[in-house]
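# Structure at a glance
These are the residues of each chain, in order.
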Amino acid sequence: MEIIITLIIGAIAGWLGSTIYKGGGMGIIGNIVVGIIGSFVGYWLLGKLGIHLGAGWIGAILTGAIGAIIILFLLNLIMKKR
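A count of helices and strands for the protein gives 3 helices and 0 strands. Each helix and strand of the protein, ordered N terminal to C terminal, gives the series α-α-α. The C-alpha radius of gyration of the protein comes to 12 Å, within 12% of the 12 Å expected for a compact globule of 82 residues. Overall, the protein is about 40 × 30 × 15 Å in size when its C-alpha atoms are taken along their principal axes. Buried positions account for 34% of the 82 residues belonging to the protein. A fraction of 68% describes how many contacts in the protein between residues 6 or more apart in sequence connect residues 24 or more apart. Working note: accessible area of the protein is about 5,400 Å², and carbon and sulfur atoms make up 76% of it.

Taking 1.5 Å per residue, 23 residues should reach 33 Å; helix α2 (residues 27-49) reaches 31 Å between its end C-alpha atoms and fits that length. Where α2 is concerned, the buried positions are G30, N31, I32, V34, G35, G38, S39, G42 and L46.

What follows is about helix α1 (residues 2-20). In a regular helix each residue adds 1.5 Å, so 19 residues correspond to 27 Å; α1 covers 27 Å between its end C-alpha atoms and thus fits that length. Those residues of α1 not exposed but buried are I9, G10, A11, A13, G14, G17 and S18.

Further remarks concern the packing of aromatic side chains. According to the stated counting rule, one finds 1 aromatic pair in the structure shown. Judged by centre distance (6.4 Å) and plane angle (90 degrees), the rings of Y21 and F73 are edge-to-face. With Y21 in the loop between α1 and α2 and F73 in helix α3 (residues 56-81), this pair connects stretches of sequence that are 52 residues apart. Its relative accessible area of 43% is what places F73 among the partly exposed residues.

This part covers the side chain of S39. Mapped onto the elements, S39 comes out in helix α2. Among the residues examined, S39 registers a relative accessible area of 14% and is labelled buried. Not counting chain neighbours up to four residues away, the residues in contact with S39 comprise A60, T63 and G64.

How each quantity is defined
The written sequence of each chain sets the order in which its residues are numbered from 1. Only residues with pLDDT of at least 70 are given local features in this predicted model, and only at 80 or more are side-chain atom pairs given and counted; all residues enter the totals for whole chains, interfaces and linings. The side-chain values count all of the structure's non-hydrogen atoms but skip hydrogen atoms and water molecules. Strands are runs of DSSP state E lasting at least two residues, helices are runs of H or I lasting at least four, and both sets are numbered from the N terminus onward. Atoms counted for the radius of gyration: C-alpha only. Globule rule: 2.2 Å times residue count to the power 0.38. Note on classification: 1.4 Å probe, protein chains only; a residue is buried when its accessible area is under 20% of the maximum for its type, exposed when over 50%, partly exposed between these limits. In what follows, residue pairs with any heavy atoms lying within 4.5 Å of each other are defined as contacts. Note on areas: Shrake-Rupley, 1.4 Å probe, and residue coverage restricted to the protein chains presented here. Residue count minus one, scaled by 1.5 Å, sets the expected span of a helix. Here a pair means two rings of Phe, Tyr or Trp (six-membered ring of Trp) with centres within 6.5 Å. Their orientation is stacked below 30 degrees between planes, edge-to-face above 60, and tilted elsewhere.

See the structure below:
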């Protein structure tokens, strides 16, 4: 059951990240992947900065969206150079 919740939170975080960062939409599967990886990046980065967005679904989605925006920014930076 936890894997389904992770996929749902990842999908929402990836969609939110691609909505905020225009031009970063990668489709539903891409958004899920970016959201899940973004969650790890977001938790790591915000943890290093001493920022905690709260517990529960909302905090997880916001943290994942911040990480997804960072990943989308880096992906667009790399892809534009090619």
